[in-house]
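These are the residues of each chain, in order.
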Amino acid sequence: MVKGDNINDIIDHKLFSEDDIHEMCVRLGKQLTEDYAGKKPLVVGALKGAIYFLTDLTRQMDVAHQLDFLDVSSYGDGFESTGKIKVVTDLAADVKDRDVLIIEDIVDTGLTLKFMKDLIKGRGAKSVKCCAMLNKEARRNVDVDIDYYGSKVGNEFVVGYGLDFLNMYRNLPYVGVLKPEVIQKYVNK
Ligand SMILES: O=P(O)(O)OC[C@H]1O[C@H](OP(=O)(O)OP(=O)(O)O)[C@H](O)[C@@H]1O
Ligand SMILES: [Mg+2]
């Protein structure tokens with residue numbers, strides 16, 4: 001839990017409990033097991049936010065797969081995508097002719113996912129799909145497929161289960177909505 005902060009000053013309300021997220025992982029894991037049977041996919045975790053969801057989801061996938069990570073960042077410490085995506089840490093694996101499954105915590109504007117899909121397709125992958133814990137459609141401004149997702153969310157800034165604010169609160173064992181005044185305080189700084 002958060003140390004040194006009263007979490008009730010930060011979180012307006014909870015959206016998804018640990019059980020809710022486990023249910024998402026079981027449901028998605030079953031579907032992915034079916035869809036990727038025998039394909040030995042390369043599962044790519046989108047650092048940093050996806051790590052919590054990735055570990056729970058992949059343990060529900062009864063299919064042989066390899067694991068890699070890609071860190072592309074566009075939000076810095078804010079609430080708005082800068083729109084300028086950069087590769088912070090690249091993949092280790094060669095994706096040529098591989099079935100690649102990108103794991104994300106959230107797809108918001110879609111810019112990060114589109115960048116990752118285009119990058120991996122451009123390197124000759126056989127297929128590139130995405131499984132996201134959350135799908136936030138309100139601010140989507142690029143055309144990108146979210147092939148699998150746990151749940152849709154409204155246009156609210158969420159933290160927890162990997163999702164951060166100022167690189168904090170990722171470790172909350174649930175997904176909650178940030179209090180508007182927390183955002184306001186930061187924006188007015
Ligand atoms: O659809 P978009 O508007 O691009 O937003 C979604 C992306 O933004 C966040 O990552 P961020 O760049 O904050 O890095 P992080 O995963 O390290 O928190 C989130 O984890 C997604 O990767
Ligand atoms: Mg991210």
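The structure contained in this document is the topic of the report that follows. Being a predicted model, the structure only gives us computed values, none of them experimental. (Residues numbered from 1 in each chain as written. Chains lettered and ligands numbered in written order. Predicted model: local features only at pLDDT ≥ 70, side-chain atom pairs only at ≥ 80, totals over all residues. Heavy atoms only, no water.)

### Describing the pairing of strand S5 (residues 99-107)
Right, so step 1: Within S5, 9 of the 9 residues are buried, which leaves the element mostly enclosed by the surrounding structure.
Right, so step 2: As judged from the 4 bridges shared by strand S2 (residues 42-47) and S5, these two strands associate in the parallel manner. Along S5, the bridge assignment pairs Val44 with Ile102.
Right, so step 3: Alignment of S5 against strand S6 (residues 127-136), held across 8 bridges, turns out to be parallel. Bridged to Glu104 within S6 is Ala132.
Right, so step 4: After leaving S5, the chain enters helix H3 (residues 111-122) and then returns to the sheet as S6, a path that is right-handed. (Buried < 20%, exposed > 50% of the residue type's maximum accessible area, 1.4 Å probe, protein only. Helix = DSSP H or I, 4+ residues; strand = E, 2+ residues; numbered from the N terminus. Pairing = 2+ DSSP bridges. Right-handed = clockwise from strand over helix to strand, strands pointing away.)

### So, the sheet that holds strand S4 (residues 86-89)
Right, so step 1: Reading across the sheet, the 6 strands line up as S4-S3-S2-S5-S6-S7 and stay open at both edges, with mixed pairing between neighbours. Each end of this open sheet is capped by a strand with a single partner; those strands are S4 and strand S7 (148-153). Neighbouring strand axes in the sheet, compared pairwise and without regard to direction, differ in orientation by 30° on average.
Right, so step 2: Of the strand pairs in this sheet, S2 and strand S3 (residues 66-73) are connected by 6 bridges, and their pairing is parallel. Counted as the bridge partner of Val44 is Asp68 from S3. (Axes fitted to C-alpha atoms, helices over the stretch in contact; angles between N-to-C directions.)

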